[in-house]
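Understanding the architecture of this molecule
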Amino acid sequence: MPFHRTSRHRAASLVLRTLSALPLVLAASLATAQQDPSGFPLDSVGYLNEELPRMEAAIAAKDRSFFHGAMVRTVAFSERWGFKSKANPELAAYSMCTAAVMDYAVVGMCRLAPSEECEPGLASRFDANVQRCREVAARK
């Protein structure tokens, strides 16, 4: 059976899509594999130091749309370190940092629009986790 032009086009398209995605997949796996877990607290504090003022501004402006981007950035941060998928079990020693990073957008949304879904005590646990994460990062 002859190899038709459309088959060739589909095959070429598939190869191009695969090749274009390969660097992203490799970069993500290498980033997780190459990062020293002891750097996680400092990176978490840097992330939170950047995000928290932006969150405060969004709350003051009553800007709900900020939190969609905040969640996207949080997921990207967690995937970079491998704690969202538990790919990096060495981060368990820094649970205060993972909790702070993962809770910050939820705490912000609950401050912006309090509701019954907002867990009592989450904000105070978040503040404590941020403080403990900063303390650990300062020792690194």
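Attention in this report is confined to the structure presented alongside it. Keep in mind that this is a model prediction, so the values were computed, not measured. (Residues numbered from 1 in each chain as written. Predicted model: local features only at pLDDT ≥ 70, side-chain atom pairs only at ≥ 80, totals over all residues. Heavy atoms only, no water.)

Let's shift gears to helix 3 (residues 66-81). Here helix 3 contains 16 residues, and its C-alpha end-to-end distance of 23 Å stays within 8% of the 22 Å for a straight helix at 1.5 Å per residue. Just beyond helix 3, the residue with positive phi is G82, at close to 80°. (Helix = DSSP H or I, 4+ residues; strand = E, 2+ residues; numbered from the N terminus. Expected span 1.5 Å × (residues − 1).)

Turning next to the pattern of salt bridges. Per the counting criterion, the structure on display carries five salt bridges. Among the salt bridges present, the one from D43 reaches R80, with a minimum N-O distance of 2.8 Å. Here D43, found in helix 2 (residues 40-60), pairs with R80, found in helix 3; they are 37 residues apart in sequence, far enough to count as distant. Note on R80: relative accessible area 37%, which makes it partly exposed. Between R125 and E119 there is a salt bridge, and its shortest N-O distance comes to 2.4 Å. You can call E119 partly exposed: its relative accessible area is 46%. The network of salt bridges with shared partners includes E51, R54 and R73. (Salt bridge = Lys/Arg side-chain N within 4 Å of Asp/Glu carboxyl O. Buried < 20%, exposed > 50% of the residue type's maximum accessible area, 1.4 Å probe, protein only.)

For the rest of this paragraph, the subject is the side chain of S44. Along the chain, the position of S44 falls in helix 2. Once residues within four sequence positions are removed from consideration, S44 is found in contact with F77, C97, V101 and C133. (Contact = heavy atoms within 4.5 Å.)

The phi angle at K62 is positive, at roughly 55°, despite the residue not being glycine. Residue position: K62 is located in the loop between helix 2 and helix 3. Given a relative accessible area of 66%, K62 falls into the exposed group.

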